[in-house]
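This is what each chain is made of:
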Amino acid sequence: MRFIDLAAQQYRIRDKIENRVKKVLDHGQYIMGPEISELEEKLADYVGAQHAVGVGSGTDALLIPLMAYGIEQGDAVFTTTFTFIATAEVIQLLRATPVFVDIDPKTFNIDPDKLERSINEVIKEGKLKPRGIIPVDLFGQPAEYDEINEIAKKHNLFVLEDAAQSFGATYKGNKTCSLADIAAASFFPSKPLGCYGDGGMIFTDNTELYEKLVSIRVHGQGSDKYDNIRNGINGRMDTIQAAILLAKFEIFDEEIQLRQEVAKRYNKALKDILDLCYVNNHSISSWAQYSVLHPDRDKIIKKLKENDIPAAIYYSKPLHLQKAFLNLAYHKGHFPAAEHIAARIFSLPLYPYLTEEDQNLIISSIKNIIKSAC
Ligand SMILES: *Cc1c(COP(=O)(O)O)cnc(C)c1O
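Residue indices follow the written sequence of each chain, beginning from 1 at its first position. With pLDDT at 70 or above as the cut-off, local features in this predicted model cover only qualifying residues; side-chain atom pairs require 80 or more to be listed or tallied, and sums for whole chains, interfaces and linings still use all residues. With hydrogens and water stripped out, all remaining heavy atoms of the structure feed into the side-chain values.

Asker: Explain the domain arrangement of the chain to me, using residue names and the numbers behind them.
Answerer: Note on interface size: it is often stated as the accessible area lost on association of the parts. Domain boundaries assigned for the chain yield domain 1 (6-101 + 108-249) and domain 2 (252-373). Between two residues, a contact is recorded if the distance between any of their heavy atoms is within 4.5 Å. With 39 residues of domain 1 in contact, the opposing surface of domain 2 contributes 37 residues. Summed over both sides, the interface between domain 1 and domain 2 buries roughly 3200 Å², with carbon and sulfur atoms accounting for 61% of that surface. The largest share of the area that domain 1 buries against domain 2 comes from F82, F108 and F139, three residues that together contribute 22% of it. Residue ranges assigned to the domains are those given by an automatic or database domain assignment. We define buried area as the total accessible area lost by two parts upon association, computed with a 1.4 Å probe and summed across both.

Written out as structure tokens, the structure is:
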């Protein structure tokens with residue numbers, strides 16, 4: 001069994017993918033070919049944003065907006081400590097300071113109350129200038145944007161939605177990537193919508209910001225590539241990746257639906273023996289990961305592996321305890337909710353084509369393991 005089986009999806013639409021890639025080989029515009037704007041228009045329309053900018057990865061989709069906002073040394077950007085390194089790495093890359101915030105232990109997403117407290121502390125301390133917030137839609141569930149956007153407005157901060165795991169998810173009737181000032185999506189192969197390499201996209205309604213994003217994506221270009229008006233990067237998405245995404249996007253909504261069914265079956269079967277991720281009634285998760293909690297997590301994973309069932313841990317170490325952020329002088333005990341979850345969390349295989357048979361096998365294995373060993 002695989003943790004995520006990309007082959008099942010490919011088998012289903014292999015001819016469509018080949019046709020799309022063949023078109024790129026025929027026209028030969030490997031850099032910024034027509035597929036890029038076709039994909040940007042389709043996905044902007046899908047999420048309900050004015051503008052979309054295809055970029056080289058989800059990490060670039062986080063970095064470029066921070067560059068467009070002029071984030072620099074002395075700035076504070078608030079984010080969750082329980083996320084993938086990329087979310088906070090981009091802040092530090094620009095010499096600004098990531099200010100970590102603890103999570104809601106039920107949803108695993110940034111806790112708005114703790115966020116506001118943290119902003120007030122930074123203001124009171126007076127050393128850093130609060131500039132923005134990066135909430136993460138962890139495992140596919142949108143963060144609490146109504147609360148977060150209100151706090152941001154009060155303190156004049158921008159909100160950059162890290163939707164790397166939540167493309168296709170919904171919050172109060174609106175799609176992710178449309179829930180804040182600007183949003184970053186990732187199309188890394190194992191994300192809900194994935195290409196066959198690295199890819200990402202930025203979404204915003206702000207036209208002034210959009211023009212900066214487009215410029216930074218290609219070396220800070222002005223009227224053309226050889227007129228350079230600001231610092232930029234090589235942040236383009238490859239045409240071939242856009243072509244692959246166009247083929248995959250055709251079945252994406254159906255796949256999001258299939259993910260709901262897998263998650264529902266897990267929830268029903270496991271709710272009495274494991275602590276589940278709580279998904280708010282006003283949200284639909286894209287189920288990038290199906291994560292659960294158990295104090296004997298390591299034992300369960302080991303036994304599952306013996307039964308040829310892969311499980312993974314996202315994330316065993318919150319960012320405030322990572323060596324990359326030692327300079328920030330956080331310590332163990334700083335964010336108890338995140339530390340508590342990190343010690344118990346593990347993820348089970350979930351993808352649209354996970355068969356009921358495999359799911360039943362996973363469920364019965366977990367039941368047996370917990371009954372006998374834990
Ligand atoms: C995957 C991921 C990213 C980075 O995306 P890449 O496409 O791998 O660069 C950023 N943030 C989160 C929360 C992610 O899961």
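Asker: So what's going on with the sheet that holds strand β10 (residues 275-276)? Which residues, and what values?
Answerer: Pairing in this open sheet of three strands is antiparallel, and the strands run β10-β12-β13 from one edge to the other. Each edge of the open sheet carries a strand with a single partner, namely β10 and β13 (345-348). Across four bridges, the pairing between strand β12 (residues 290-293) and β13 is antiparallel. Bridge pairing links Y290 to L348 in β13. At least two DSSP bridges between two strands are required for those strands to pair. Segments assigned H or I by DSSP are reported as helices when at least four residues long, segments assigned E as strands when at least two residues long, and all are numbered from the N terminus.

Asker: Hey, could you go over the nonpolar core for me, with residue numbers and the actual values?
Answerer: F78, F82, F108, L115 and I133 are the most contacted members of the largest nonpolar core, which totals 38 residues. The set of elements that each furnish at least two residues to this core consists of β2 (75-80), β3 (97-101), α5 (112-125), α6 (145-154) and α11 (336-342). Ignoring anything within four residues of it in the chain, the contact list for F78 reads V99, L115, S118, I119, V122, P130, G132, I133 and I134. The set of buried Ala, Val, Leu, Ile, Met, Phe, Trp, Tyr and Cys residues whose side-chain atoms join them within 4.5 Å is what this entry labels a nonpolar core. Residue exposure (1.4 Å probe, protein chains only): buried if accessible area is under 20% of the type maximum, exposed if over 50%, otherwise partly exposed. In terms of nonpolar packing, the next biggest core, distinct from the first, is built from 26 residues, V55, A68, I91 and I202 among them.

Asker: How would you summarise the pattern of salt bridges if you had to cite specific residues and measurements?
Answerer: Side chains bearing opposite charge may pair, as long as their charged atoms lie close to each other. Salt bridge, as used here: a side-chain nitrogen of Lys or Arg that lies within 4 Å of a carboxyl oxygen of Asp or Glu. For the structure shown, the criterion picks out 14 salt bridges. For E40, the salt bridge goes to R217, with nearest N and O atoms at 2.9 Å. Taken together, the positions of E40 in helix α2 (residues 34-47) and R217 in helix α7 (residues 207-217) put the pair 177 residues apart, joining distant regions of the chain. The class for E40 is buried, based on a relative accessible area of 11%. Under the relative-accessibility criterion, R217 is labelled buried at 5%. The partner of D75 in a salt bridge is R131, and the shortest N-O contact between them spans 2.9 Å. Of this pair, D75 sits in strand β2 while R131 sits in strand β4 (residues 129-134), placing them 56 residues apart in sequence. One connected set of salt bridges, linked through shared partners, spans R20, E38 and K42.

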